[in-house]
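Here is how the chains run, residue by residue.
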Amino acid sequence: SLFELVNYLMVVVPFSRIKQQYYLRKRRRKEDVDDVTGGDNGTESSPLLQMRWFRIVVDEGHELGENEAGNDITAFINVLAAERRWVMSGTPTTGDEDSKGFNDVGLTQLQRLLLFLRHEEYGTTKVETLETQSSGSSSGRKQGKAKAKSEWDTMVKIPFLNQQDAGREELFRVLREVMVMHKKEDIGLPKPVFKQGEVTVHIPQEVGSHIVNAVKTGGIFTDTYEKLTIGHRESYHEDPNSSESDRQIQRLIRQRRIHLLKEKISHAQKLGAKTFFDTLLNEHIATTDFQSKVDTCQGEYIENAIKRERKELEGRGGAIADLNSGPLTAASDHFNAETFIDRRPVKAVVYSSSSSNLLDVLEYFYDKFDNANIAEMMQGNIDVMAYELGRFRLGQKEGKFCPICNGWNEYSGKELSGCKNTLLEVSDAAGNVFLIESERILRAIGKEDRDRADCVGNPVEMNRLGEAPLNKYGISKKAWKVGDALCIDARDPHPLFRARLSEEQWAAYGSARCKELVAIDGGEGVDNYFGPLPCEEETNYGQLMVSLRKWQPCGKFHGKPRWNHLRKKQVGWYTGPTLVHEEIETVKEDVFILALDASLAHGLDLSFVTHLYLLEPIDDAALLEQVTSRAHRLGATGPVTIETVNVWHELDPSTKKFRKQIASNLNDEDQKRTSTAICEHCYRSFDNITLAEEHEIRCDRNPDSSAEVPLFHLSSVYRDLRPPPPMGIGACGDVESDTKCP
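Residues numbered from 1 in each chain as written. Predicted model: local features only at pLDDT ≥ 70, side-chain atom pairs only at ≥ 80, totals over all residues. Heavy atoms only, no water.

1. As for the pairing of strand S17 (residues 611-614)
Moving on, step 1. Burial along S17 is two-sided: His-611 and Tyr-613 and Leu-612 and Leu-614, pointing in opposite directions, are all buried.
Moving on, step 2. Bridge analysis of strand S4 (residues 348-352) against S17 gives four bridges, and the strand direction is parallel. Bridge pairing in S17 places Val-350 opposite Tyr-613.
Moving on, step 3. The pairing of S17 with strand S18 (residues 641-650) spans four bridges and is parallel. Paired with His-611 across the two strands is Thr-641, which belongs to S18.
Moving on, step 4. Chirality of the crossover, the property in question, places the unit of S17, helix H20 (residues 621-628) and S18 among those that are right-handed. (Buried < 20%, exposed > 50% of the residue type's maximum accessible area, 1.4 Å probe, protein only. Helix = DSSP H or I, 4+ residues; strand = E, 2+ residues; numbered from the N terminus. Pairing = 2+ DSSP bridges. Right-handed = clockwise from strand over helix to strand, strands pointing away.)

2. A word on the sheet that holds strand S15 (residues 585-588)
Moving on, step 1. Strands sit in the order S7-S6-S15 across an open sheet of three strands; the sheet is antiparallel. Bordering the open sheet on either side are strand S7 (408-410) and S15, each of which pairs with just one other strand. Across this sheet, the average inter-strand angle for adjacent strands is 55°, counted without regard to direction.
Moving on, step 2. Note that strand S6 (residues 396-401) and S7 share three bridges and pair antiparallel. (Axes fitted to C-alpha atoms, helices over the stretch in contact; angles between N-to-C directions.)

3. Overview of unusual backbone geometry
Moving on, step 1. For the bond running from Asp-492 to Pro-493, omega is 10°, close enough to zero to count as cis.
Moving on, step 2. Along the chain, the position of Pro-493 falls in the loop between strand S11 (485-489) and helix H17 (503-508).
Moving on, step 3. For Arg-118, which is not glycine, the phi dihedral falls at a positive 60°.
Moving on, step 4. Along the chain, the position of Arg-118 falls in the loop between helix H6 (102-117) and helix H7 (130-135).

4. A word on the pattern of salt bridges
Moving on, step 1. If you walk through the whole model with that rule in mind, you get 27 salt bridges.
Moving on, step 2. Arg-464 serves as the salt-bridge partner of Glu-461, at 2.8 Å between the closest nitrogen and oxygen.
Moving on, step 3. Looking at Arg-464, the relative accessible area reads 15%, which means it is buried.
Moving on, step 4. A single network of salt bridges, built from pairs that share partners, joins Glu-121, Glu-170, Arg-173 and Glu-177. (Salt bridge = Lys/Arg side-chain N within 4 Å of Asp/Glu carboxyl O.)

5. Considering the state of the cysteines
Moving on, step 1. By the definition in use, this model includes zero disulfides.
Moving on, step 2. Left unpaired, Cys-419 is separated from the closest cysteine sulfur, that of Cys-405, by 3.7 Å.
Moving on, step 3. Here Cys-419 falls in the buried class, since its relative accessible area comes to 5%. (Disulfide = S-S within 2.5 Å.)

6. Observations concerning the sheet that holds strand S12 (residues 543-553)
Moving on, step 1. The strand order across the open sheet formed by five strands is S9-S8-S12-S11-S10, and the pairing between neighbours is antiparallel. The two strands at the open ends of the sheet, each matched to only one other strand, are strand S9 (433-437) and strand S10 (441-444). Recorded for the sheet is a direction-independent mean angle of 45° between the axes of neighbouring strands.
Moving on, step 2. Alignment of strand S8 (residues 422-428) against S9, held across five bridges, turns out to be antiparallel. Bridge pairing in S9 links Ser-427 to Val-433.

7. Description of helix H18 (residues 511-520)
Moving on, step 1. All buried positions along H18 are accounted for by Ser-511, Cys-514 and Leu-517. Projection of H18 onto a plane perpendicular to its axis shows the buried side chains occupying an angular sector of 110°, all on one side. In H18, the exposed positions that point more than 90 degrees away from the buried face belong to Ala-519 and Ile-520.
Moving on, step 2. Among the structural elements, H17 are those in contact with the buried residues of H18. (Arc of directions from axis to C-beta. Contact = heavy atoms within 4.5 Å.)

8. With respect to the nonpolar core
Moving on, step 1. Counting residues in each nonpolar core, the largest one holds 38 residues, and the members touching the most others are Trp-53, Leu-107, Leu-110, Trp-152, Leu-171, Leu-175 and Tyr-718.
Moving on, step 2. For this core, the secondary-structure elements that each account for two or more residues are helix H2 (15-28), helix H3 (47-50), strand S1 (52-59), helix H5 (72-78), H6, helix H8 (138-161), helix H9 (165-178) and helix H23 (714-720).
Moving on, step 3. A per-element tally of this core places H6 first, with seven residues.
Moving on, step 4. Not counting residues up to four positions away in its chain, the partners in contact with Leu-175 are Leu-110, Val-717, Tyr-718 and Leu-721.
Moving on, step 5. Within the second largest apolar cluster, 27 residues are counted, among which are Met-377, Leu-389, Val-591 and Leu-612. (Core = buried A, V, L, I, M, F, W, Y, C linked by side-chain atoms within 4.5 Å.)

9. Quick word on the packing of aromatic side chains
Moving on, step 1. The tally for this structure, following the rule as stated, stands at 16 aromatic pairs.
Moving on, step 2. For the ring pair Phe-369 and Phe-592, a centre distance of 5.4 Å and an interplane angle of 80° mean the geometry is edge-to-face. Taken as a pair, Phe-369 in the loop between helix H15 (355-368) and strand S5 (374-377) and Phe-592 in the loop between S15 and strand S16 (593-597) lie far apart in primary sequence, 223 residues in all. One exposure class covers both Phe-369 and Phe-592, and it is buried. (Phe/Tyr/Trp six-rings, centres within 6.5 Å; stacked < 30°, edge-to-face > 60°.)

The structure is reproduced here in structure tokens:
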């Protein structure tokens, strides 16, 4: 609320909250959409709009220029009242600088930024009309915007596009007044290092032989489609645990896909042997089995690269964790790339525009590294993402240990009340019902072990966990089913777990009431307690056969006594200590991998990152620069290595020989992209290092280049804008450099 906001010196608001506030007010409005402040219609205004701020700073401010004024986020931000306004962005105008309409679009974006900044000439113009004086400011604002845009077009945009000196001079004058531009070459950042990695995925010989036979004979049979999908598509195989109706739907989907595939292959067959061969091969490459191999190979490549870098770091004396005693920043005049010894901790980002590919590679990492070594920014709300980024950057996490199960609960800014760690309720052959941690599960019991005398529950199918063995059951929560037969470690005390509380202690916490509730609900309710285990350490190292009954968060099993208005009765029983009574703790972690989804990379400061691995090539120079700039930016203390992990398929020798026979003019598949090179100034890709170096000499973004940038191009205007000289200590210290805005 307004009264809460006034108590803070600084308020940080993400774009997502701005958008939420905009649509919340929009639903309440009954008048013109432009009047997002509530106007005179009596609707409640957002607390952000009820205040007059001293200064508004819009990070990633090019968003204001990309979207037309009046769009959700832009419209809301533009009407915030403030004494001073700042826009911060690495790219004030977006788009491909080589495109034909770059100047036109860029000038329009600049005018929208001036609108937010309330520029006296080209951002806002007061238009006094009878309508404005009598009915409010909404109509006046619209007319003022239109007038400012018209002035901009007349005095700047049209003359500049027509290559008239007056237009360029006016544009330069305006930008020099409102823009402070620092370029990477001005602050001495170390140059990024671009690499091309390569992994090879082998096509099974059986698949190659079948493709060759199909091309030679021209015969298309039903099993053609099955043999091409060795390592099948998921929907081609029925789930034995599904109902008959579900299996029937699966069969219909399979038949439909086979029909479409048959049409596609039949069409390719008419276009010649080479097209026919490539179509069949591409069908196999599109299978989940092949993609799984790709993800595994990429994960293995990155795993080895990270381990190699960490080993080499140890050889250089190890990482310097204390930034104050670490290397000088890259912006320092004393930074020298030739003498610089990189002692930064290895921090690797794995980046992909495909969430599914990134998830598969991430699964590989979890199998090879400890969970504490990995952070994820793939989905979730802003609190979770900020927490994960903090873990990755600082190498530590904040949270609380549950006083009941000793499980860790991450603190992401919200109050922790009930423990979120999952506990499983199980029963043994003697009828004992008790709670366990998932880490106690040694394995699931398969059909081959079902005949054991002490086994209880239903055996778990071998394919239930996919390709994972049954000893991975504990970490495969999606595969859990009520009644599953499990083998657990029931030792207590246990070397890895805190000793369970005694029955006497639980009686003090209300276990008697818990037992009453369990009896009332027939064991089908949510109540149970984390009491002693029925197995001693000496009994076969604590191995015990149990059957899974239910699972839920620890906090739900141990609910506090309260009145449930929906059920009209008293629920809960636990009166002991909870997370609320625990202090937030900081735990050190060695986090050196961040899985980053492309959709969440916008605006991140990854200046501390040492390696960036791309799971797919980025051919767009502008996009590659944006991705690289997450790490190659002010604050970097060393160069960042950007490595693209290219994937190539490899045919067996006989299949490869046949493919060359049917396509004599086929390019040699051994000529792979690993020879490509990237200009370190404009990020364009070239076929080899020689071409890239020749281009860099004349690259118009190279400050040492002799190339002349066209005078009437926005990049030339930006190039003429020089950063202000550094302020001396105490010089102009009391001068306010902000621009006051109405």
